[in-house]
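# Descriptive analysis of the structure
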Amino acid sequence: MGMGRAGSYYPGAERLISPLLHLLVLCTLSSLTHIGESQVQTPQCRIQKCTTDFVSLTSHLNPSLDGFDTEFCKALRAYSACTQRTSKSCRGNLVFHSAMLGISDLMSQRNCSKDGPTSSTHPVITIEPCNYHSRHHQASRPGAGTGTPEHPRPTYLFCGLFGDPHLRTFKDHFQTCKVEGAWPLIDNNYLSVQVTNVPVVYGSSATATNKITIIFKPYQECTDQKVYQAVTDDLPAAFVDGTISGGDSETRSIWILEKSPGRHVEIHAAYIGVTIIVRQQGRYLTLAVRMPEELAMAFDETQDLQLCMNGCPTSERIDQEGHLQLPMLGLQQASFQQQARVEAQRGVFTLESASRKCREQLEVKDIYFHSCVFDLLTTGDANFTTAAYSALKDMETLHPKREHWHIFPNSATGLRPFSLLLNALLTGFLITVLL
C-alpha cells in the first residue's frame, strides 16, 4: 500500500463511477425532457420515476461495507423491473434505451443475477430514539407512514457569551452586561446553563466569566442527568461523574470531545440536538450553544430568568440597545495628570493601538470587533482579542443562519462617534476610580 494517499479507497468503487454517473446523467436528462415529453413520448412512459427511485435506493450505500453488493443488486433488479413495466410506452425514447444499457452494464460489473429479491421503493427507516435528528427526520417525512402532513424542519437557535461579558441571545440581540455573580443563561426542561462572572478591573462594572455549570437533564432511556463544570484553569474533558459519554455502548446519546487540552471542549448531546463549545482564553471562559427552538422554548413562568432567551435585565446593561453608545463623561473635566493615570491603568492600549490589535484577527468591523476594542481598553489584556475572535468563529460554526452572522453598531451613530463615546466612558470610569 502506497504512502501519502489522501482520502478513502473503496474496493471496486472505481468500476461504479462511470455507470453511476451515466445513470445520474440519465436522471437529469429525463428531468430536462419532462417539459417537452408530450412531443417525444406518451404520458405513460415513467423512465424518470424508475431512474430517480434507483438513485434514491443507492445514494446511501457504501461500497466499503459488507452487504453492499447484495443491496446494490436488489436495487438494480428493481430498476430493471421498473423499466420493463414501462417499456411499451417508452418505445423510441432515448433516455429509456440508455437506461437499459446502463442497467445491463452495472449488472454485469457487479455479477448481479437477473432473478432474485428487489429493493422496496419505500424502505423502512430505522428511528434512533436517542437522536434528535433521527426522530425529527422521521417526523418530517411526508405522512411518515401515517397519512399525516409533513412536519417542518427543526429550527435552531444560537447563544454566545464572551469577554466583559458580551451576550448574543437566541434572538440575535447583542448586549454588554454587568451580571456579576451567578446567572442562568438557559433553564428549560432539557438543559440548564449557569455562569459566574467576576469583575475584571477593580471598581469596574464590567465582569468576565470564570465558571460555567451545564446540567443535561434526564431524558427517557437515553441518559441520566449529566453535569459538566468548568472553572478558570480547570476545563475538564469529562462530566463531574468522571464519564465522557452517556447512553448505551452502541449508540452514544451525549459525549465530550476535547479539542485542545485545558483550552477547548465540545459537548454533543445528540438526544436533544444540542452542541456546546466551552473555551478558556487567558483567565476567563467563553461559551457558545446551539439548540433546537422547540426545546429551548420548553419552560414555564418560573424559569423566565434566562439571559440567552430574554437578555440581561435593564439594570444590568452597559450598552444601549445592543450598541456600546455611552455618555460623554470625564474627558472635559480630566487634567493632564489624571489622563496619564488613566492610560497607565489601561495598560499598553490606546484607542488606536486597541483597534489595530483587534484588526489582526477580526477583519470585519462588526460588533465582535467593537467588543474586542472595548475589552482591551477596559482591561489592557490582549487575551480578550483571541476571546472575541474565538467567539466569532464558534458563532460561525453553530449559528444556523449565515445572513445573521454579523451585527453592526447603529449606522446612525457611525464608527467615529462610537469610538469617541467608548473612549470617553472608559476614561470617565477610571478617573472616578483613581480620584
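Right above here is the structure, for reference.
Description of the structure in this document. The structure displayed is predicted, hence computed values, not measured ones.

## As for the overall build of the protein chain
From N to C terminus, the protein chain includes 13 helices and 12 strands. The burial tally for the protein chain puts 47% of its 435 residues in the buried class. Taking the contacts inside the protein chain whose residues are at least 6 apart along the sequence as the reference set, 61% of them involve residues at least 24 apart. Of the roughly 22600 Å² that the protein chain leaves accessible, carbon and sulfur atoms contribute 52%.

## Points about helix α5 (residues 94-109)
Given 3.6 residues per helical turn, the α-helix brings residues three or four places apart onto the same face. The first and last C-alpha atoms of α5 sit 23 Å apart over 16 residues, in line with the 22 Å expected at 1.5 Å per residue. Where α5 is concerned, the buried positions are V95, F96, S98, A99, G102, I103, L106 and M107. An end-on view of α5 places all buried positions within 165 degrees of arc, on one side of the element. More than 90 degrees from the buried face of α5, the exposed residues found are L94, L101 and S108. Between the side-chain oxygen of the N-cap and the backbone nitrogen of V95 there are 2.9 Å, and the N-cap of α5 in question is N93.

## Details of the packing of aromatic side chains
Applying the stated criterion across every chain yields a total of 10 aromatic pairs. These aromatic residues form a ring-pair network of at least three members: F54, F72 and Y79. Above the face of the Y156 ring, R290 is positioned so that its terminal group lies 5.9 Å from the ring centre.

## Concerning the pairing of strand β4 (residues 181-187)
Across six bridges, the pairing between β4 and strand β5 (residues 191-199) is antiparallel. Residue I186 lies in a different strand from β5, and its bridge partner there is V193. As consecutive antiparallel partners, β4 and β5 are separated by three residues.

## Some details on the sheet that holds strand β7 (residues 226-231)
Here we have four strands laid out as an open sheet, ordered β4-β5-β6-β7, and antiparallel in their pairing. If you trace the sheet from one side to the other, it starts and ends with β4 and β7, each paired once. Neighbouring strand axes in the sheet, compared pairwise and without regard to direction, differ in orientation by 20 degrees on average.

## Let's talk about the pattern of salt bridges
With the rule as written, the count across this model stands at 11 salt bridges. Between D187 and K217 there is a salt bridge, and its shortest N-O distance comes to 3.6 Å. Here D187, found in strand β4, pairs with K217, found in the loop between β6 (207-216) and β7; they are 30 residues apart in sequence, far enough to count as distant.

## Looking at the state of the cysteines
In the structure shown here, the tally under the stated rule is seven disulfides. The disulfide partner of C130 is C222, and the S-S distance across this bridge is 2.1 Å. The sign of the S-S torsion, about -95 degrees, decides the handedness of the disulfide formed by C130 and C222: left-handed. Placement of the pair is C130 in the loop between α5 and α6 (132-140) and C222 in the loop between β6 and β7, with a sequence separation of 92 residues. Residues C130 and C222 agree in their burial class; the two are buried.

## What about helix α10 (residues 351-359)?
Within α10 the residues assigned to the buried category are S353, A354, S355 and C358. As for α10, its buried residues are in contact with α11 (367-379) and α12 (383-398).

## Re the side chain of D164
As for its position among the elements, D164 is in the loop between β1 (156-162) and β2 (166-168). On the basis of relative accessible area, D164 is assigned to the buried category, the value being 0%. Apart from the residues within four sequence positions on either side, D164 is in contact with T176, C177, V200, A206, T207, A208, F374, D375, T378, T379 and F384.

## Structural notes on unusual backbone geometry
Here the phi dihedral of N111 falls at roughly 55 degrees; this positive angle occurs in a residue that is not glycine. The residue N111 is located in the loop between α5 and α6 in this model. The residue Q220 is not glycine, and still its phi comes out positive at about 45 degrees. Summarising the element assignment, Q220 is placed in the loop between β6 and β7.

## Focus: the packing of helix α4 (residues 68-85) against α5
Between α4 and α5, the least distance of the axes is 10 Å, while the angle of their chain directions is 150 degrees. The orientation of α4 relative to α5 falls into the category roughly antiparallel. The way α4 lies across α5 gives a crossing that is left-handed. When α4 is examined against α5, the residues F72, L76, R77, Y79, S80, T83 and Q84 are found in contact with a partner set consisting of F96, A99, M100, I103, L106 and M107. Its residues assigned to classes, the contact of α4 with α5 comprises nine nonpolar, three polar and one charged.

## So, the environment of P409
By the element assignment, P409 lies in the loop between α12 and α13 (415-434). You can call P409 buried: its relative accessible area is 11%. Along the sequence, P409 and H370 sit 39 residues apart, while their C-alpha atoms lie 8.3 Å from each other.

## Details of the sheet that holds β2
If you trace the eight strands from one edge of the open sheet to the other, you get β3-β2-β1-β12-β11-β10-β9-β8, paired in antiparallel fashion. Every interior strand has two partners, whereas the edge strands, β3 (174-176) and β8 (245-247), have only one. When strand polarity is set aside, the average angle formed by the axes of neighbouring strands in this sheet is 10 degrees. In this structure, strand β11 (residues 274-281) lies alongside strand β12 (residues 284-292), joined through seven bridges in antiparallel fashion. Across the sheet, I276 pairs through a bridge with V289, a residue of β12. Each of β1, β2, β11 and β12 is contacted by α12, which is oriented at about 170 degrees to β11, the strand it contacts most.

What counts and what doesn't
Residues numbered from 1 in each chain as written. Predicted model: local features only at pLDDT ≥ 70, side-chain atom pairs only at ≥ 80, totals over all residues. Heavy atoms only, no water. Helix = DSSP H or I, 4+ residues; strand = E, 2+ residues; numbered from the N terminus. Buried < 20%, exposed > 50% of the residue type's maximum accessible area, 1.4 Å probe, protein only. Contact = heavy atoms within 4.5 Å. Areas by Shrake-Rupley, 256 points an atom, 1.4 Å probe, with all protein chains shown as cover. Expected span 1.5 Å × (residues − 1). Arc of directions from axis to C-beta. Polar contact = N/O pair within 3.5 Å; in protein donor to acceptor, adjacent residues only side chain to side chain. Phe/Tyr/Trp six-rings, centres within 6.5 Å; stacked < 30°, edge-to-face > 60°. Lys NZ or Arg CZ within 6 Å of the ring centre and 35° of its normal. Pairing = 2+ DSSP bridges. Axes fitted to C-alpha atoms, helices over the stretch in contact; angles between N-to-C directions. Salt bridge = Lys/Arg side-chain N within 4 Å of Asp/Glu carboxyl O. Disulfide = S-S within 2.5 Å. Parallel < 35°, antiparallel > 145°, perpendicular 65-115°, else oblique. Left-handed = near helix turned anticlockwise from the far one by under 90°. Nonpolar A, V, L, I, M, F, W, Y, C, P; charged D, E, K, R; others polar.

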